[in-house]
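Geometric and topological summary
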Amino acid sequence: MRPFEHIFKEIDKDRGLLYAWFAAMHSRVDIVICDKCENDMLAVTGKIYERIAQLEKLANFYDPHSELTKLNEVPAGVQTEVGEELLSMLYLSMRYNELTDGRFDVCVKSDGYTGGMWGNVEIDLEGGTITKQRYGIRFDLSGFLKGYALDQARNILTGYAVSDVLLSIGNSSVLALGNHPFGDGWRVSYPESDDSNIEIDLHDECLTTSGNANSERRHIVNPVSGALIEGEGRISVVTRGGAEGEALSTAMFVERGAGEREAILGRFRRARLLDTMN
Amino acid sequence: MKKELSRRDFLKSAGLIGLGAGTLLSTVPWMEALADENTKKTIGEKVRIGIIGPGSRGRFLMNLIKKNPKAEMVAICDIYQPSIDKALKIAPKAKVYNDYRKLLEDKEVDAVVIATPLYRHYQMAMDSLDAGKDLFCEKSLSYTIAQCYDVYQKYKSTGRIFFVGQQRLFDPRYLKAMEMIHSGMFGEIQAVRAFWFRNGSWRNNVPDPSLERQLNWRLYKEYSRGLMTELGGHLLQVGTWAMQKLPETVMGAGGLTYWKDGREVDDNVSCIFSMDDGRRITYESVISNKFYGLEEQIMGNLGTVEPEKGMYYFEDGTVNGVTPKPAAGFMQMMKDVQNQVFEKLPFAGTSWEPEVAKDVKGNYIMGEDYKINTDGSQELINAFVEAVITQKQPERIAEECYYASAMVLLGYDAIEQGKKLTFPHEYRLNYLNHKHQAK
Ligand SMILES: NC(=O)c1ccc[n+]([C@@H]2O[C@H](COP(=O)([O-])OP(=O)(O)OC[C@H]3O[C@@H](n4cnc5c(N)ncnc54)[C@H](O)[C@@H]3O)[C@@H](O)[C@H]2O)c1
């Protein structure tokens, strides 16, 4: 039995469209592939499913058994060996923290969080170790993982030479590769305000949205103030990669100053900020 | 098919193998007593146990002790012949005493289990510790908070091993649930709603009316504190374990509303325990309606745990491992494609949230196939035996047990006095948020 559900539609004698969906990362994953052979499409979907499940196992902040949790539990001052993948996710997170002037920060769940936590983290890429030099540092990759997973999925798709795909993880992280069977790129719409939608065409890029779906569901911490960001609102960015999309959208949601936003945006190649509710 | 759990399986299913020592020590340090590397060292040792009050619970414990090859029951003491006769069937070689003080003089006895009616616990526990015996006392620890405090101090001053019958501390469902709770999976625990509802008289059959008070001691205030001490302690201990916080105050109300058969204790009670920051644990028990059964509903801002049911739920309705329905927007796209239309796909936005269904099925704490085969009592006994052998009191056991009893007794007083009571500073231990202050 496959761990995901799917529907297949033939388009013409050379092409078909596969829609598959499953639950992962506390959310849902939807994937549409346009290609020749149904079995190949199912196989690549299976690989993507496995990869996402693997990432979730590795870096789920809330899973007491994940490698991330184990790292979070290591006390300060202890040099810890960390698997290659987790190490590179954390390294990337650190880089994005710099690139966003601290606005994107996976350390916000640390005890006595003050910002600037990364100054107390030593990542040794060669030796494969991490040392936290301050008590209570905890990494929460929840706001990073979906975009990272999109990048991983893209690698798999390229490996299978599948080129026309729309992949959404929880609607907030979307990867569009190649074309819709009857269009140029992929056209998606997202809410601009409560009663109007904006349409956008995506060409080999990611659309990432950060924000509060409603005023009750706050979950993004402002690294500058340390407080949860209040109120409804959201912001979307279009980027080449998924991980950078997560970093940038979070940074744009947190940072409301136009000048600061522009400076940060300028550091992400080919990134666009969409005008959305916020 | 019922799976038998080995100890290793038990620790594993409770999520306690493969975790760093840090986790073990910080959230459930007492499990260390049952860690493989420790129990291996004590193979071949034998603890000699005396049972005081082998009534219904006492004999239940005897059957568990019997399963432990490191323990042997060398003596029993009771004042009621039928209890002695039944106990001898479990431990035929045990010496029989009618006076517990004689049992305590017996040099062959290393440790005692006290399972007598509540009002007897205090003197028996104090005397046991004074006699140099390691002590397993059934809950609740004593009849008043002051007495509980005395026993705790006696444990401290004698340095004996000291356990109370709080088996949830070793119940795999609770251990696993607490691990999840303490990892922050459900956010910060805001409230715990604990209840135990039954529909039954709570009476024992009495062969002769002259034995009524002796056999139905639970129903009379002279011997028992009713539903508070008999049921409440298990649930309140779960509440503070989940919150890692002890209450400041308690309010309560109760009454005898249905079983008006000459008993004195309430059959309908309710208490509110409040923390210094306003978070609460409530406990309710009614024994004339069993519809809602038994549960501790542990409520965090991100989710809820119901350990008795073995389930947890997320506020956003997420169910692990369950395939969602196909998304409407994508289904529309599949249709559009058949009509050769290039249409927009309306879906992107903030993170997808499932509708919060009222019939949320929830997630299994121990996995779907888990069959309950222990409530932790066996492991509690085993841990006690290990502790007696190694003479190492597991961390936090005594304190968790002390507070379970102290809280129910304070709740009882609040009900009786019809007042909001503050947890007396002189009966606080230096434990969690509590600080002791002499009167
Ligand atoms: N941990 C649990 O889940 C759990 C469950 C049930 C009972 N208990 C506790 O166990 C204790 C006993 O409850 P029970 O249901 O077995 O009651 P019970 O009445 O069945 O047993 C009490 C026994 O103590 C004996 N006894 C009374 N006075 C004595 C004395 N002076 N010396 C020696 N023996 C004496 C009685 O004759 C009887 O055999 C209570 O404190 C109760 O709260 C705990």
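Being a predicted model, the structure only gives us computed values, none of them experimental. (Residues numbered from 1 in each chain as written. Chains lettered and ligands numbered in written order. Predicted model: local features only at pLDDT ≥ 70, side-chain atom pairs only at ≥ 80, totals over all residues. Heavy atoms only, no water.)

1. Examining the pairing of strand S10 (residues 197-202) of chain A
Residues and elements named next belong to chain A. Here S10 shows one buried face, formed by Ile 198, Ile 200 and Leu 202, and one open face, formed by Asn 197, Glu 199 and Asp 201. As paired strands, strand S9 (residues 186-191) and S10 are joined by six bridges and run antiparallel to one another. Directly across from Arg 187, in S10, lies its bridge partner Asp 201. (Buried < 20%, exposed > 50% of the residue type's maximum accessible area, 1.4 Å probe, protein only. Helix = DSSP H or I, 4+ residues; strand = E, 2+ residues; numbered from the N terminus. Pairing = 2+ DSSP bridges.)

2. A short note on the interface of chain A and chain B
In this assembly, 50 residues from chain A lie in contact with 39 residues from chain B. Summing both partners gives a buried area of about 4,000 Å² for chain A against chain B, and 65% of it is carried by carbon and sulfur. Linking chain A with chain B are zero salt bridges. The interface formed by chain A and chain B includes two residue pairs in polar contact (both at pLDDT 80 or more). For the side of chain A that touches chain B, the secondary structure elements donating two or more residues are strand S1 (5-10), strand S2 (16-24), strand S3 (27-35), helix H2 (67-73), strand S7 (164-169), S9 and strand S11 (205-212) of chain A. In terms of residue class, the side of chain A that touches chain B is built from 21 nonpolar, 16 polar and 13 charged. The sheet contact formed by S9(A) and strand S14 (residues 345-346) of chain B spans two bridges and is parallel. (Contact = heavy atoms within 4.5 Å. Buried area = accessible area lost by both parts, 1.4 Å probe. Salt bridge = Lys/Arg side-chain N within 4 Å of Asp/Glu carboxyl O. Polar contact = N/O pair within 3.5 Å; in protein donor to acceptor, adjacent residues only side chain to side chain. Nonpolar A, V, L, I, M, F, W, Y, C, P; charged D, E, K, R; others polar.)

3. With respect to the packing of helix H3 (residues 84-99) of chain A against helix H4 (residues 142-159) of chain A
Residues and elements named next belong to chain A. Contact geometry of H3 with H4 gives a least axis separation of 12 Å together with a crossing angle of 115°. As H3 packs across H4, the resulting crossing turns out to be right-handed. Seen from H3, the contacting residues are Glu 85, Ser 88, Met 89, Leu 92, Ser 93 and Tyr 96; seen from H4, they are Phe 144, Leu 145, Tyr 148 and Gln 152. By residue class, the composition of the contact of H3 with H4 is six nonpolar, three polar and one charged. (Axes fitted to C-alpha atoms, helices over the stretch in contact; angles between N-to-C directions. Left-handed = near helix turned anticlockwise from the far one by under 90°.)

4. Concerning the site of the ligand
Residue and element names in this part refer to chain B. Near the ligand, the surroundings consist of 24 residues, among which Arg 57, Asp 78, Ser 83, Arg 218 and Glu 230 are the closest. Here the ligand, which alone exposes 840 Å², has 88% of that area covered by the protein. Going through the elements one at a time, helix H4 (56-66), helix H7 (118-130) and helix H11 (226-243) are the ones with two or more residues in the shell around the ligand. When residues in the shell around the ligand are grouped by element, the largest group, three residues, is from H7. Each of domain 1 (3-169 + 378-397) and domain 2 (170-318 + 360-375 + 399-427) gives at least three residues to the shell around the ligand. (Near = heavy atom within 4 Å. Areas by Shrake-Rupley, 256 points an atom, 1.4 Å probe, with all protein chains shown as cover. Domains from an automatic or database assignment.)

5. As for the domain arrangement of chain B
How big an interface is tends to be expressed through the accessible area that disappears when the partners come together. All names here are of chain B. Once the domains are mapped, chain B shows domain 1 (3-169 + 378-397) and domain 2 (170-318 + 360-375 + 399-427). Centre-to-centre, using C-alpha coordinates, domain 1 lies 23 Å away from domain 2. In this assembly, 44 residues from domain 1 lie in contact with 46 residues from domain 2. A buried area of about 4,200 Å², summed over both sides, lies between domain 1 and domain 2, and 59% of it is on carbon and sulfur atoms. For the pair domain 1 and domain 2, the number of links is three salt bridges. Ionic pairing is found between Arg 168 and Glu 308, a salt bridge with its closest N-O pair at 3.0 Å. Listing elements by their share of the side of domain 1 that touches domain 2, those giving two or more residues are helix H1 (7-13), helix H2 (21-27), H7, helix H8 (145-158) and helix H13 (377-390). For the side of domain 1 that touches domain 2, the residue count by class is 27 nonpolar, eleven polar and six charged.

6. Description of the sheet that holds strand S2 (residues 71-77) of chain B
Residue and element names in this part refer to chain B. Here six strands make up an open sheet; going across it, the order is S3-S2-S1-S4-S5-S6 and the pairing parallel. This sheet does not close on itself; its edge strands, each paired only once, are strand S3 (95-97) and strand S6 (162-164). For this sheet, the mean inter-axis angle between neighbouring strands, taken without regard to orientation, is 25°. In the sheet, strand S5 (residues 134-137) pairs with S6 via three bridges, with the strands oriented parallel. Directly across from Phe 136, in S6, lies its bridge partner Phe 163.

7. So, helix H14 (residues 397-417) of chain B
Residue and element names in this part refer to chain B. Counted at 1.5 Å a residue, the expected span for H14 with its 21 residues is 30 Å, and the 30 Å between its end C-alpha atoms agrees. With 18 of its 21 residues buried, H14 lies for the most part within the structure. Positioned one or two residues after H14, Gly 418 has a phi angle of 60°, which is positive. (Expected span 1.5 Å × (residues − 1).)

8. Here's the deal with the environment of Lys176(B)
Along the chain, Lys176(B) turns up in helix H9 (residues 172-182). Judged by its relative accessible area of 12%, Lys176(B) is buried. Considering only alpha carbons, one finds Lys176(B) and Met366(B), 190 residues apart in sequence, at a separation of 7.4 Å. A polar contact of 2.9 Å, which involves the side chain of Lys176(B), links it to the side chain of His65(A).

9. With respect to the packing of aromatic side chains
Residue and element names in this part refer to chain B. Tallying each qualifying case throughout the model produces 27 aromatic pairs over all chains. A ring pair is formed by Tyr 149 and Tyr 427, whose centres lie 5.7 Å apart and whose planes are at 55°; its orientation type is tilted. Placement of the pair is Tyr 149 in helix H8 and Tyr 427 in the segment after strand S16 (421-422), with a sequence separation of 278 residues. For Tyr 427, a relative accessible area of 21% translates into the label partly exposed. Between Tyr 402 and Tyr 403, the ring centres sit 5.2 Å apart and the planes meet at 80°, which makes this aromatic pair edge-to-face. Aromatic rings pair up to connect Tyr 149, Tyr 152, Tyr 155, Phe 162, Tyr 402, Tyr 403, Phe 423, Tyr 427 and Tyr 431 into one cluster. Above the plane of the ring of Tyr 220 lies Arg 213, whose end atom (NZ or CZ) is 4.6 Å from the centre. Note that Arg 225 overlies the ring of Tyr 143, its terminal NZ or CZ placed 3.8 Å from the centroid. (Phe/Tyr/Trp six-rings, centres within 6.5 Å; stacked < 30°, edge-to-face > 60°. Lys NZ or Arg CZ within 6 Å of the ring centre and 35° of its normal.)

10. Side note on unusual backbone geometry
Backbone torsion omega between Lys139(B) and Ser140(B) reads -15°, so that peptide bond is classified as cis. For Ser140(B), the location among the structural elements is in the loop between S5 and H8. Residue Arg270(A) is not a glycine yet carries a positive backbone phi of 60°. For Arg270(A), the location among the structural elements is in the loop between helix H6 (258-265) and strand S13 (272-274). Looking at Arg270(A), the relative accessible area reads 55%, which means it is exposed.

11. What to know about the sheet that holds strand S4 (residues 79-81) of chain A
All names here are of chain A. Pairing is antiparallel across the open sheet formed by three strands, whose spatial order is S4-S6-S5. Bordering the open sheet on either side are S4 and strand S5 (121-124), each of which pairs with just one other strand. Across the sheet, the mean angle from the axis of one strand to that of its neighbour is 20°, orientation sign disregarded. Both S4 and strand S6 (residues 129-132) contribute to a ladder of three bridges, which runs antiparallel. Each residue of the ladder has a partner; that of Thr 80, found in S6, is Ile 130. Contacting S5 and S6, H3 runs over the sheet at an angle of about 125° to S5.

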